Amino acid sequence: MSYKNYPMVSRIVFGRGSFDQLGDILLPKRVNQRAPFVYLVDDVFQNNQWINSRIPLAYKDIIIFVSADEEPKTSQVDALVEKIILDFSELPSGIIGIGGGTVLDLAKAVSILLTNPGEAKDYQGWDLVKSPAIYHVGIPTISGTGAEVSRTTVLTGPDRKLGINSDYTPFDQVILDPELTKDVPKSQWFYTGMDCFIHCIESLNGTYLNAFSQSYGEKAFQLCQEIFLEDHLTKEEAEDKLMMASWHGGMSIAYSQVGVAHALSYGLSYLLGTKHGIGNCIVFNHLEDYYPEGVRVFKQMMEKHEIELPKGICAELEDHQFDIMIDVALSLEPLWENAIGSKWKAIITREKLKALYQKM
Ligand code: NAD
Ligand code: ZN
């Protein structure tokens, strides 16, 4: 038995308004005046002066606004890397991602591909990255995915949806400023928040569970219950706590694994482009056989916040399309092994997965 030797985010700031410390944090990291800081910023903030006026641009630094309408693709990473290499005479001093999981994952991947040859798709998998990435900073503006703390960057490539899991993936610096999440629309707040809740359920009910994962998972679970089911928190307190729940949920799965909801949600995302947060909710809503208690609490949360999930998203699909989703889901072997145990192949049949997808 060999235990994971897990790299962590090296530095972390937490606090409302801490975004204003970015300039001071970056100052000693500037390589020289020709090596810019490249900001990848969610284009939802394109006209947001409250955010943009606080980005400390100097010398050749640039902001590239990116859309989070679709989940990140390997081709998008390659295009960004090519643009940065063509536009500047030197490699950047750093890549700073400001946004949700989509933008954070792009920032991680771009920082890796700037120092590693080839294309992003070549690194989808485990421990394929050979050289350290460019200095990279993550600043989440919505809470739940745990992308700010994780060792992966999930990308959709030509052949599969799979993360670049490596020791060089985690951010060198994270700024957790809960105030940045204040304008997240309610439904998106719920979907991305539920990603965190589902991380906890899948980690706490998995066969990979251990005291490390449990301690983070239980804390995140308790925070989610407070945020999504109780009434005593102010908006600010709830924002602060959800940001910490996301962090803890990410830490919990870092040392265990996700499970059935994520496996099936990856299938939806690959075939239909369903985004991670809402896709997880659509799947999890039908997983009472696997996570009875978690699904019960989830339904309470949906009711309390009057969330209506889309229905019938698989209604028009043909057999070969179900097969594609089932192939994607089944390829995620560690997730099934965590959820069901080492004999999962005898239990999880294609028919069962098809029946589940048909309910969605
Ligand atoms: P997201 O980044 O896709 O953003 C969702 C929506 O919220 C977008 O429309 C975005 O513009 C908007 N938004 C973000 N911040 C906002 C703000 N402050 N105000 C108003 N609108 C705002 O959402 P997400 O759920 O955080 O991320 C999903 C992505 O994260 C997926 O691509 C998924 O694969 C990835 N993910 C990665 C990991 C990891 O460990 N790397 C883990 C889980 C999920
Ligand atoms: Zn997730």
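Residues numbered from 1 in each chain as written. Chains lettered and ligands numbered in written order. Predicted model: local features only at pLDDT ≥ 70, side-chain atom pairs only at ≥ 80, totals over all residues. Heavy atoms only, no water.

## Points about the sheet that holds strand β2 (residues 37–42)
(1) Moving on: The parallel open sheet is built from six strands, whose spatial order is β1-β9-β6-β4-β2-β3. At either end of the open sheet lies a strand with only one pairing partner, and these are β1 (11–14) and β3 (62–66). Within this sheet the neighbouring strands show an average axis-to-axis angle of 15 degrees, counted without direction.
(2) Moving on: As defined by bridge partners, strand β4 (residues 94–99) adjoins strand β6 (residues 136–140) across five bridges and the pair is classed as parallel. (Pairing = 2+ DSSP bridges. Helix = DSSP H or I, 4+ residues; strand = E, 2+ residues; numbered from the N terminus. Axes fitted to C-alpha atoms, helices over the stretch in contact; angles between N-to-C directions.)

## Comments concerning the environment of Glu202
(1) Moving on: Following the sequence through the fold, Glu202 ends up in helix α5 (residues 186–204).
(2) Moving on: With relative accessibility at 0%, the residue Glu202 sits in the buried group.
(3) Moving on: Beyond its immediate stretch of four places on either side in the chain, Glu202 contacts Gln257, Val258, Gly259, Val260, Ala261, His262, Tyr291 and Asn338.
(4) Moving on: Separated by 3.0 Å, the side chain of Glu202 and the backbone nitrogen of Gly259 make a polar contact. (Buried < 20%, exposed > 50% of the residue type's maximum accessible area, 1.4 Å probe, protein only. Contact = heavy atoms within 4.5 Å. Polar contact = N/O pair within 3.5 Å; in protein donor to acceptor, adjacent residues only side chain to side chain.)

## Some details on the pattern of salt bridges
(1) Moving on: Using the criterion set out here, one finds 20 salt bridges in the structure.
(2) Moving on: For the salt bridge of Lys161 with Glu71, the shortest nitrogen-to-oxygen distance reads 2.8 Å. Placement of the pair is Lys161 in strand β8 (residues 161–165) and Glu71 in the loop between β3 and α3 (74–87), with a sequence separation of 90 residues.
(3) Moving on: For Glu71, a relative accessible area of 14% puts it in the buried group.
(4) Moving on: The partner of Glu333 in a salt bridge is Lys345, and the shortest N-O contact between them spans 3.4 Å. Taken together, the residues span a long stretch of sequence, with Glu333 in helix α12 (residues 333–340) and Lys345 in helix α13 (residues 344–347) at a distance of twelve residues. (Salt bridge = Lys/Arg side-chain N within 4 Å of Asp/Glu carboxyl O.)

## A word on the sheet that holds strand β7 (residues 154–156)
What links the strands of a sheet is backbone hydrogen bonding, and the strands pair in either a parallel or an antiparallel sense.
(1) Moving on: Across the sheet, three strands lie side by side as β5-β8-β7; this open sheet has mixed pairing. One side of each edge strand has no neighbouring strand; the edge strands of this open sheet are β5 (125–126) and β7.
(2) Moving on: Across two bridges, the pairing between β5 and β8 is parallel. Across the sheet, the residue bridging to Gly125 is Ile164, located in β8.

## Here's the deal with helix α6 (residues 211–229)
(1) Moving on: For α6, which comprises 19 residues, the first-to-last C-alpha distance of 26 Å matches the rise-based estimate of 27 Å (1.5 Å per residue) to within 8%.
(2) Moving on: For α6, every residue scored as buried is listed here: Ser213, Gly217, Ala220, Leu223, Cys224, Glu226, Ile227 and Phe228.
(3) Moving on: Packing partners of the buried residues in α6 comprise α5, α7 (235–254) and α10 (292–304).
(4) Moving on: N-capping of α6 is provided by Asn210, with a side-chain oxygen placed 3.1 Å from the backbone N of Phe212. (Expected span 1.5 Å × (residues − 1).)

## A closer look at the packing of α6 against α7
(1) Moving on: It is at 8 Å that the axes of α6 and α7 come closest, and there the two elements cross at 150 degrees. With respect to α7, the element α6 is oriented roughly antiparallel. Our pair here, α6 against α7, has a crossing hand that is left-handed. For the pair α6 and α7, the contacting residues are Phe212, Ser213, Tyr216, Gly217, Lys219, Ala220, Leu223, Cys224, Glu226, Ile227 and Phe228 in the first and Ala238, Lys241, Leu242, Met244, Ala245, His248, Gly249, Met251 and Ser252 in the second.
(2) Moving on: Partitioning the contact of α6 with α7 into residue classes produces twelve nonpolar, five polar and three charged. (Parallel < 35°, antiparallel > 145°, perpendicular 65-115°, else oblique. Left-handed = near helix turned anticlockwise from the far one by under 90°. Nonpolar A, V, L, I, M, F, W, Y, C, P; charged D, E, K, R; others polar.)

Everything listed here is a matter of geometry and, on its own, says nothing about what the molecule does.
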